[in-house]
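Listed here are the chains, written in short residue letters.
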Amino acid sequence: MDVKIEKSWNFRLRKEFEKPYFESLMAFVKDAFKTTVCYPPVGLIFNAFDRCSFEKTGIVILGQDPYHGPRQANGLSFSVNDGVTFPPSLINIFKELNNDLGVPFPKSGNLERWAEQGVLLLNSTLTVQASSAGSHQNKGWEQFTDAVIRCINDEKESVVFLLWGKYAQDKGKIIDTSKHFVLKSKHPSPMSANFGGWFGNKHFSQANNYLRSKGLAEIEW
């Protein structure tokens, strides 16, 4: 499988593509897509990067797996294709956004509108088998996305990282908090959010306040 990815990311990650673990990962992914139903579609595996260049990236929202239901995953963390029923986590994200900034509940769960403003919607694992959460974990994707985070951490300044839940927070331990703004809360999934720690985190307003303080463009959430 050839890696087709936006040019600014390709420039920074091309050495990663040459490493043995990544070659093994691509062989696994290629075989998985041939022999099972997997998501997102092949052309959208690197959609998070294609929609948000390295230069544009000002916020990173870190997810875990793509959605594993039909037509849901579009390569952006927490995002679903137009016309798809909102998953519970996304519903809670929109509820908090409404509580925080008064943004009306959107008609579309497609978060491309965020990505195109500079929000990197990065899943830790970029592919998944249908109806099988976590099925492509521990195959190499985590090592690759760690490299992405290190690249952002090392080469940029004043990036906002939104780390929702323990998994994202553990993965974000490599972030230099003296250079970047890190916000942590419970995960928006009902199992976590309903027990407190998600609603009222005000991450969206806090992110914009920080960007504004640095003279950077705010996000129209």
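Located above this text is the structure these notes cover.
In this text the structure is predicted, and so the values were computed from the model without any measurement.

A. View of the environment of S189. Within the secondary structure, S189 sits in the loop between β6 (181–185) and α8 (190–193). A relative accessible area of 18% places S189 in the buried class. Taking C-alpha positions, S189 is 8.9 Å from I93, a pair spaced 96 residues apart along the chain. Beyond its immediate sequence surroundings of up to four residues, S189 is in contact with S89 and N92.

B. Layout of the packing of helix α4 (residues 88–101) against helix α9 (residues 203–213). Put simply, α4 and α9 touch, their axes get as near as 8 Å, and they point 60° apart. Considering the angle they form, α4 stands oblique to α9. Residues I93, E96, L97, D100 and L101 of α4 touch α9, and the partners they reach there are H203, F204, S205 and N208. Partitioned by chemical class, the residues of the contact of α4 with α9 number 4 nonpolar, 3 polar and 2 charged.

C. Region of interest: the side chain of Q72. You can see Q72 is positioned in the loop between β2 (59–63) and α4. If we skip the residues at most four places from it in the chain, Q72 touches Y67, S79, V80, N81, V84 and P87.

D. Summary view of the packing of helix α1 (residues 7–17) against helix α6 (residues 141–155). Where α1 contacts α6, the axes come no closer than 11 Å and their chain directions differ by 135°. Considering their axes alone, α1 and α6 lie oblique with respect to each other. The handedness of the crossing between α1 and α6 comes out as right-handed. Each of W9, R12, L13, E16 and F17 in α1 lies in contact with α6, whose residues at this interface are Q143, F144, A147, V148, C151, I152 and E155. By residue class, the composition of the contact of α1 with α6 is 8 nonpolar, 1 polar and 3 charged.

E. Geometry of the sheet that holds β2. Ordered by their spatial adjacency, 4 strands build an open sheet running β3-β2-β5-β6, and the pairing between neighbours is parallel. The open sheet has two edge strands with one neighbour each: β3 (119–123) and β6. Going from strand to strand, the sheet's axes swing by 20° on average, the running direction of each strand aside. Contacting β2, β5 (160–164) and β6, α9 runs over the sheet at an angle of about 175° to β6.

F. The arrangement of the packing of aromatic side chains in detail. The tally for this structure, following the rule as stated, stands at 22 aromatic pairs. Aromatic side chains F22 and F144 sit 5.3 Å apart centroid to centroid with 55° between the ring planes, which places their arrangement in the tilted category. Of the two residues, F22 sits in helix α2 (residues 20–35) while F144 sits in helix α6, which places them 122 residues apart along the sequence. As far as burial versus exposure is concerned, F22 and F144 are alike and both buried. Measuring from centroid to centroid gives 4.8 Å for W164 and W198, while their planes differ by 80°, and the two rings are edge-to-face. In this pair, W164 is assigned in strand β5 and W198 in the loop between α8 and α9, connecting sequence segments 34 residues apart. Taking the relative accessible area as the measure of exposure, W164 reaches 2% and is therefore buried. Chaining the aromatic ring pairs together yields one cluster made of W9, F17, Y21, F22, F46, F49, F54, W141 and F144. The ring of F54 has K156 lying over it, and the distance from NZ or CZ to the ring centre is 4.9 Å.

About the thresholds
- Residues numbered from 1 in each chain as written.
- Predicted model: local features only at pLDDT ≥ 70, side-chain atom pairs only at ≥ 80, totals over all residues.
- Heavy atoms only, no water.
- Helix = DSSP H or I, 4+ residues; strand = E, 2+ residues; numbered from the N terminus.
- Buried < 20%, exposed > 50% of the residue type's maximum accessible area, 1.4 Å probe, protein only.
- Contact = heavy atoms within 4.5 Å.
- Axes fitted to C-alpha atoms, helices over the stretch in contact; angles between N-to-C directions.
- Parallel < 35°, antiparallel > 145°, perpendicular 65-115°, else oblique.
- Nonpolar A, V, L, I, M, F, W, Y, C, P; charged D, E, K, R; others polar.
- Left-handed = near helix turned anticlockwise from the far one by under 90°.
- Pairing = 2+ DSSP bridges.
- Phe/Tyr/Trp six-rings, centres within 6.5 Å; stacked < 30°, edge-to-face > 60°.
- Lys NZ or Arg CZ within 6 Å of the ring centre and 35° of its normal.

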